[in-house]
Amino acid sequence: MHILLVASAFNSLTQRVHAELRDRGHSVAVELALDGTSIGDAVRRHEPDLVVAPMLKTAIPREVWAAHTCLVVHPGPVGDRGPSSLDWAIHERATRWGVTVLQANADMDAGDVWASVACPVPPVAKSDLYRNEVSDAALSAVLLAVERFAAGTYSPRPQTGGPAAGDGRARPYFRQVLRRIEWESDSTETVVRKLRAADSQPGVLDELLGEEWYLHGGHPEDGLRGRPGELLATRAGAICRATTDGAVWIPELRPRRRPGEPATFKLPAVLALAGRLPAVREHPAPLHADTDADTDTEADTRTHLRTWSDIRYREDGHVGFLSFSFRGGAMSTTQCRRLLDAYRTACSRPTAVLVLGGSRDFFSNGIHLNVIEAALDPSAESWANINAMDDLVEAVLTTTDRLVVCAIGGNAAAGGVMLALAADEVWCRAGAVLNPHYRLMGLYGSEYWTYTLPRRVGTAVADRLTRQALPVSAVAGQRLGLVDRVVECAPQYFTGEVARSAAQLASSPAVQSRIAAKKAERDRQEAVKPLAAYREEELARMLRIFSDPGEPYHALRRAFVRKEPPSRTPQHLAVSEPARRAADLPRPDGNVTGLALCDASEGPGGCYQES
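Reading guide: rules and limits
- Residues numbered from 1 in each chain as written.
- Predicted model: local features only at pLDDT ≥ 70, side-chain atom pairs only at ≥ 80, totals over all residues.
- Heavy atoms only, no water.
- Helix = DSSP H or I, 4+ residues; strand = E, 2+ residues; numbered from the N terminus.
- Contact = heavy atoms within 4.5 Å.
- Areas by Shrake-Rupley, 256 points an atom, 1.4 Å probe, with all protein chains shown as cover.
- Pairing = 2+ DSSP bridges.
- Axes fitted to C-alpha atoms, helices over the stretch in contact; angles between N-to-C directions.
- Parallel < 35°, antiparallel > 145°, perpendicular 65-115°, else oblique.
- Left-handed = near helix turned anticlockwise from the far one by under 90°.
- Nonpolar A, V, L, I, M, F, W, Y, C, P; charged D, E, K, R; others polar.
- Polar contact = N/O pair within 3.5 Å; in protein donor to acceptor, adjacent residues only side chain to side chain.
- Phe/Tyr/Trp six-rings, centres within 6.5 Å; stacked < 30°, edge-to-face > 60°.
- Buried < 20%, exposed > 50% of the residue type's maximum accessible area, 1.4 Å probe, protein only.
- Lys NZ or Arg CZ within 6 Å of the ring centre and 35° of its normal.
- Salt bridge = Lys/Arg side-chain N within 4 Å of Asp/Glu carboxyl O.

Time to look at the overall build of the chain. Assigned secondary structure in the chain consists of 21 helices and 29 strands. For the chain, the proportion of contacts with a sequence separation of at least 24, taken over those separated by at least 6, is 71%. Put simply, the chain shows about 23100 Å² of open surface, and 50% of that area lies on carbon and sulfur atoms.

Here it is, written out as structure tokens:
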């Protein structure tokens, strides 16, 4: 079938639906519902067999749904309605939720049901939940609904759920008055829940050091104490703030936008507070600790207290596990250097296999565009950041005394994909989406991709992936050679599945011979063309892009960071597969804002920006 996806943004779920439908042989095109554009005109232009809206914040007009079957993905169970479904689910401590695919009609979220799939609600942030459990359920529901539509014999059922059935109810938009933290009375659990329900948008509006900020992200801390609301410590760019019975780590802040000023954006909390932060001590993160695979909270085994760190290392027999979890998958210069230090520490340990990654959410999206945008000299910070990424990738590529596995539990893009490709094996959870390209941000790219990508997929496929700039599912990634193993499991089980497979790999009789062969092959490749030559060639092009203020990268970066929507649907999304094969798409022209890394408008519930 020819399917048209209509969406408010090409966010993670829209990308996944796009990739998975293409995997199943459908011709898929995308139209973004933007100000000044007409969904009706887009549908007439595409003449689709079916319209699917994976993430749409506006109503489909009558002229469209009256003439075409339009399936809308709602992140709530049957009977649930409203724009803040996941916010309410977390706020009300739901343990089970669901996703409903319904047919568009005159009333929002009230159409007949084509499919509904339940999912658990683990204690994680809304954006994490949306990209994982909700995404899995949504994909299953969409595929089922598309199959039913294609069969031509299924009759969608009217909604019968609601409060009486215990399935949900119409809820209003989740406003800041409901999110407000009462530091003098709220427990750590309450504060963390409020922060999780607002992540990644809109954040929790709060007052800090005499100014108004949106707080983004929250992790419990048991070991530190203070006066409720007091700033206690910093760690890895985050701030720790006291609650009535403990404290919370807050990784990011965003200043409230003042009238007439440009849109603000999230930054690591310590960087956002630069020049304002009182004298509080840097509280070192414990590198060695056990990880609770079911939550984003981690336990220090020496004190049995909950604490947070974005980098962790543990060992189990002959396997080392170096996990990291950076907000939005972005890796700043400082984060890259810290992870490189941890990687070197991990490589000093007597292990046969080292697993890099393995967390349930984002693996990596490459350089940190928000930190770059905030720098006094964004060009210089871009250069520093890409070199720090290159240093990390080089360390992985030149590790010859053990096998390195990159475990991708969540989405990865740009330099994050290339970081994974530096490993000996890439294991990817089935629900992850890969974007192995840089073009949409106006970049040539580095991270030794000109060596690792063609080595895995061949020159022709590498050219197609980087030129077409489309998302790739885990299964398609395995077929192409980007991925060695697809891990079929729910998000909360990924860490455990990776651990079991890594233990089997380490105990394999062939592991030592593989390590020896790896070293010999690296020596052979180095004699053919040194890694330094790849890096020099890539960075020469990146330096020109960073140094020239007229390069599209600078405008695209600013637009992405400040969440400016494109003026029209980018060409590479608006064409279907047959046309795409024949198209030689041009370089970015400033109309592909935010489509490469997709942290904008992540999720339909509570994602509207508040000022």
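That shown, we press on.
Turning our eyes to something else, we now look at the sheet that holds strand β28 (residues 472-473). An order of β25-β27-β28 is seen for the three strands of this open sheet, with the pairing classed as mixed. Each edge of the open sheet carries a strand with a single partner, namely β25 (412-413) and β28. For strand β27 (residues 433-435) and β28, the ladder comprises two bridges, and the chain directions are antiparallel. For L434, the partnering residue across the bridge sits in β28 and is V472.

Here we come to the environment of G329. Looking at where G329 falls in the secondary structure, it is placed in the loop between β20 (319-324) and β21 (330-331). Sequence-wise, G329 and G416 are 87 residues apart; in three dimensions their C-alpha atoms are separated by 8.0 Å.

All right, on to the pairing of strand β8 (residues 211-216) then. Examined bridge by bridge, strand β7 (residues 204-208) and β8 share five bridges and lie antiparallel to one another. Residue pairing in the sheet places L208 in a bridge with E211 of β8. What sits between β7 and β8 in their antiparallel hairpin is a turn of two residues, with L209 showing a positive phi close to 55°. Where β8 and strand β13 (residues 252-255) come together, four bridges link them in antiparallel fashion. Its bridge partner lying in β13, Y214 is registered against R254.

Contact geometry for helix α1 (residues 12-23) and helix α5 (residues 126-151): axes closest at 10 Å, N-to-C directions at 40°. One way to sum up the angle between α1 and α5 is to call them oblique. As α1 runs across α5, the sense of the crossing is right-handed. Between α1 and α5, the contacting residues are S12, L13, R16, V17, E20 and L21 on the first element and Y130, R131, S135, D136, A138, L139, V142, L143 and V146 on the second. In terms of residue class, the contact of α1 with α5 is built from nine nonpolar, two polar and four charged.

By the element assignment, T466 lies in helix α14 (residues 459-468). A polar side-chain atom of T466 sits 2.9 Å from the main-chain carbonyl oxygen of A462. Apart from the residues within four sequence positions on either side, T466 is in contact with P436, H437, R439, W449 and L453.

Summed over all chains, the structure comprises 10 aromatic pairs. Taken together, a centroid distance of 6.3 Å and an interplanar angle of 45° make the contact between Y438 and W449 tilted. Of this pair, Y438 sits in the loop between β27 and α13 (449-457) while W449 sits in helix α13, and the two are 11 residues apart along the sequence. Each member of the pair Y438 and W449 is classed as buried. In textbook terms, an aromatic cluster arises when at least three aromatic residues are bridged by ring pairs, as seen for W114, F149 and Y154. In this arrangement the basic side chain of K529 is found over the ring face of Y534, its NZ or CZ atom lying 4.2 Å from the centre. Across the ring face of Y444, the terminal group of R541 is positioned such that the distance to the ring centre comes to 3.9 Å.

A side chain of one charge can pair with a side chain of the opposite charge when the charged atoms of the two come close. Overall, the coordinates contain 41 salt bridges when judged by the stated rule. Residue R45 is joined to E31 by a salt bridge in which the shortest nitrogen-to-oxygen separation is 2.9 Å. Linking R45 in helix α2 (residues 39-46) with E31 in strand β2 (residues 27-32), this pair joins segments that are 14 residues apart in sequence. With a closest N to O distance of 2.7 Å, K518 and D424 form a salt bridge. Of this pair, K518 sits in helix α17 (residues 511-528) while D424 sits in the loop between α12 (415-421) and β26 (425-429), and the two are 94 residues apart along the sequence. A relative accessible area of 14% places K518 in the buried class. A residue is classified by how much of its surface remains accessible, and D424, at 26% relative accessible area, is partly exposed.

So, on to unusual backbone geometry. For the peptide bond that leads from D199 to S200, omega is 5°, which places it in the cis range. Along the chain, the position of S200 falls in the loop between α7 (188-197) and β7. For A414, which is not glycine, the phi torsion reads 50° and is therefore positive. Here A414 shows up in the loop between β25 and α12. With relative accessibility at 10%, the residue A414 sits in the buried group. The backbone of A469 sits at a positive phi, close to 55°, despite the residue not being glycine. The topology assignment puts A469 in the loop between α14 and β28.

Adjacent strands of a sheet form backbone hydrogen bonds with each other and so pair up, either parallel or antiparallel. As summarised here, the arrangement of the five strands in space is β9-β12-β11-β10-β15, forming an open sheet in which the pairing is mixed. Strands at the two margins of the open sheet, each flanked by one partner only, are β9 (219-221) and β15 (281-282). Contacting β9 and β12 (247-250), α7 crosses the sheet at an angle of about 20° to β12.

Okay, the environment of G415 next. For G415, the position within the fold is in helix α12. With relative accessibility at 2%, the residue G415 sits in the buried group. Sequence-wise, G415 and I386 are 29 residues apart; in three dimensions their C-alpha atoms are separated by 8.9 Å. In contact with G415, other than residues within four places in its own chain, are G366, M389, Y438 and E447.

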